[in-house]
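# Topology and contacts: notes
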Amino acid sequence: NAGVTQTPKFQVLKTGQSMTLQCAQDMNHNSMYWYRQDPGMGLRLIYYSASEGTTDKGEVPNGYNVSRLNKREFSLRLESAAPSQTSVYFCASSVRPSDYGYTFGSGTRLTVV
Amino acid sequence: AQSVTQLDSQVPVFEEAPVELRCNYSSSVSVYLFWYVQYPNQGLQLLLKYLSGSTLVKGINGFEAEFNKSQTSFHLRKPSVHISDTAEYFCAVSERTGGFKTIFGAGTRLFVKA
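None of the values given here were measured: they were computed from a predicted structure.

A tally of regular secondary structure across chain A gives one helix and eleven strands. In chain A, the succession of α and β elements from N to C terminus is β-β-β-β-β-β-β-β-β-α-β-β. On C-alpha atoms alone, chain A measures out to a radius of gyration of 13 Å, which is about the 13 Å that the 2.2 N^0.38 rule sets for 113 residues. Structurally, chain A occupies a C-alpha span of about 35 × 30 × 30 Å along its principal axes. Expressed as a percentage of its 113 residues, the buried residues of chain A come to 51%. A separation threshold of at least 6 residues defines the contact pool for chain A, and within that pool the share at least 24 residues apart is 54%. In chain A, the 11 positive side-chain charges and the 8 negative ones have mean positions that sit 6 Å from each other.

Written out as structure tokens, the structure reads:
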């Protein structure tokens, strides 16, 4: 099925460990996004990639890095995980987000202990 | 800068009753408006969007929303809810001038009781 695929679905890390969240879309969308979702705060943009080869910071980029590997794939890396990064992470993609809206993946639930 | 306020964090309602989920926004420029739905343990799905034209927008699953420019609101309604409508609903705005940032509200949890 066409859509946005995220891996892994669940992850537990110890403080200081690193990991990479993977995201791939097969809809030929130009732009891709990483959001985090925390209770009562909605979704907050971490990083986005307007097109292949470009990345930009969102609202809460500290502690994260991203790579737009090709048009399909956009990964999010936590270099040294902290408990404050415990959250649900969503990847999304869009043809043109201003009026098309997003297609979201099913999320990665990350716990940092 | 834009902001989105969803006025209710939780809305309990009985099955087959009508429901309204309220959303107000602020922006210095014209915006597009969206509602997304998130079922438990899933990602968000686009429910409906307002781009231009008629202020009453119909979406999937019998939902509709009305854009009110003077009150800067975009409330979501359904005349008769089902148990399966239990989910979290997010209002979102993006600037008409383009760009790549969409602002989401904090969400409203709709709980439909039998």
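The parts lose accessible area when they come together, and the size of an interface is often stated as this lost area. Taken together, the 23 residues of chain A in the interface contact 22 residues of chain B. For the pair chain A and chain B, the two sides together bury roughly 1,700 Å², of which 58% comes from carbon and sulfur. Summed over the three residues of chain A that lose the most area to chain B, namely Ser98, Asp99 and Tyr102 of chain A, the buried surface amounts to 29% of that side. In this assembly, chain A and chain B are joined by four residue pairs in polar contact (both at pLDDT 80 or more). Elements represented by at least two residues in the side of chain A that touches chain B include exactly strand S4 (31–37), strand S5 (43–49) and helix H1 (97–100) of chain A. Partitioned by chemical class, the residues of the side of chain A that touches chain B number twelve nonpolar, eight polar and three charged.

Tallied over the entire structure, the rule returns two disulfides over all chains. Covalently, Cys23 of chain A is tied to Cys91 of chain A through a disulfide, its sulfur atoms 1.9 Å apart. Linking Cys23 of chain A and Cys91 of chain A, the disulfide has an S-S dihedral of approximately -75° and is accordingly described as left-handed. In this pair, Cys23 of chain A sits in strand S3 (residues 19–25) while Cys91 of chain A sits in strand S9 (residues 87–94), placing the two residues 68 residues apart along the sequence. Taken as a pair, Cys23 of chain A and Cys91 of chain A share a single burial class, namely buried. Residue pairing for Cys23 of chain B: its cysteine sulfur links by disulfide to Cys91 of chain B, the two sulfurs lying 2.0 Å apart. Disulfide Cys23 of chain B-Cys91 of chain B: torsion about the S-S bond near -70°, hence left-handed. In this pair, Cys23 of chain B sits in strand S4 (residues 23–26) while Cys91 of chain B sits in strand S10 (residues 87–95), placing the two residues 68 residues apart along the sequence. With relative accessibility at 0%, the residue Cys23 of chain B sits in the buried group. Taking the relative accessible area as the measure of exposure, Cys91 of chain B reaches 0% and is therefore buried.

Before going further, it helps to examine the nonpolar core. Of all hydrophobic cores here, the largest spans 28 residues; its most connected members are Leu33, Trp35, Leu48, Phe74, Leu76 and Tyr89 of chain B. With near-sequence residues (within four places) excluded, Tyr89 of chain B lies in contact with Gln6, Leu21, Trp35, Tyr36, Val37, Leu47, Phe63, Leu76, Gly107, Thr108 and Leu110 of chain B. Membership of the second largest hydrophobic core comes to 20 residues, among which are Ile46, Tyr64, Val66 and Cys91 of chain A.

All told, the structure shown has 16 aromatic pairs over all chains when counted by the stated rule. Measuring from centroid to centroid gives 4.7 Å for Tyr33 of chain A and Tyr102 of chain A, while their planes differ by 75°, and the two rings are edge-to-face. Highlighted residues: Tyr33 of chain A in strand S4 and Tyr102 of chain A in the loop between H1 and strand S10 (103–104), separated in sequence by 69 residues. On the accessibility criterion, Tyr102 of chain A (4% relative accessible area) is buried. Each residue in the set Tyr33, Tyr35, Tyr48, Phe90, Tyr102 and Phe104 of chain A together with Phe34, Tyr36 and Phe104 of chain B is aromatic and connected to the rest through ring pairs, giving one cluster. Across the ring face of Phe14 of chain B, the terminal group of Lys113 of chain B is positioned such that the distance to the ring centre comes to 4.5 Å.

Cut-off values and rules
- Residues numbered from 1 in each chain as written.
- Chains lettered and ligands numbered in written order.
- Predicted model: local features only at pLDDT ≥ 70, side-chain atom pairs only at ≥ 80, totals over all residues.
- Heavy atoms only, no water.
- Helix = DSSP H or I, 4+ residues; strand = E, 2+ residues; numbered from the N terminus.
- Rg over C-alpha atoms; globule rule 2.2 N^0.38 Å.
- Buried < 20%, exposed > 50% of the residue type's maximum accessible area, 1.4 Å probe, protein only.
- Contact = heavy atoms within 4.5 Å.
- Lys, Arg positive; Asp, Glu negative; His and termini not counted.
- Charge placed at Lys NZ, Arg CZ, Asp CG, Glu CD.
- Buried area = accessible area lost by both parts, 1.4 Å probe.
- Polar contact = N/O pair within 3.5 Å; in protein donor to acceptor, adjacent residues only side chain to side chain.
- Nonpolar A, V, L, I, M, F, W, Y, C, P; charged D, E, K, R; others polar.
- Disulfide = S-S within 2.5 Å.
- Core = buried A, V, L, I, M, F, W, Y, C linked by side-chain atoms within 4.5 Å.
- Phe/Tyr/Trp six-rings, centres within 6.5 Å; stacked < 30°, edge-to-face > 60°.
- Lys NZ or Arg CZ within 6 Å of the ring centre and 35° of its normal.

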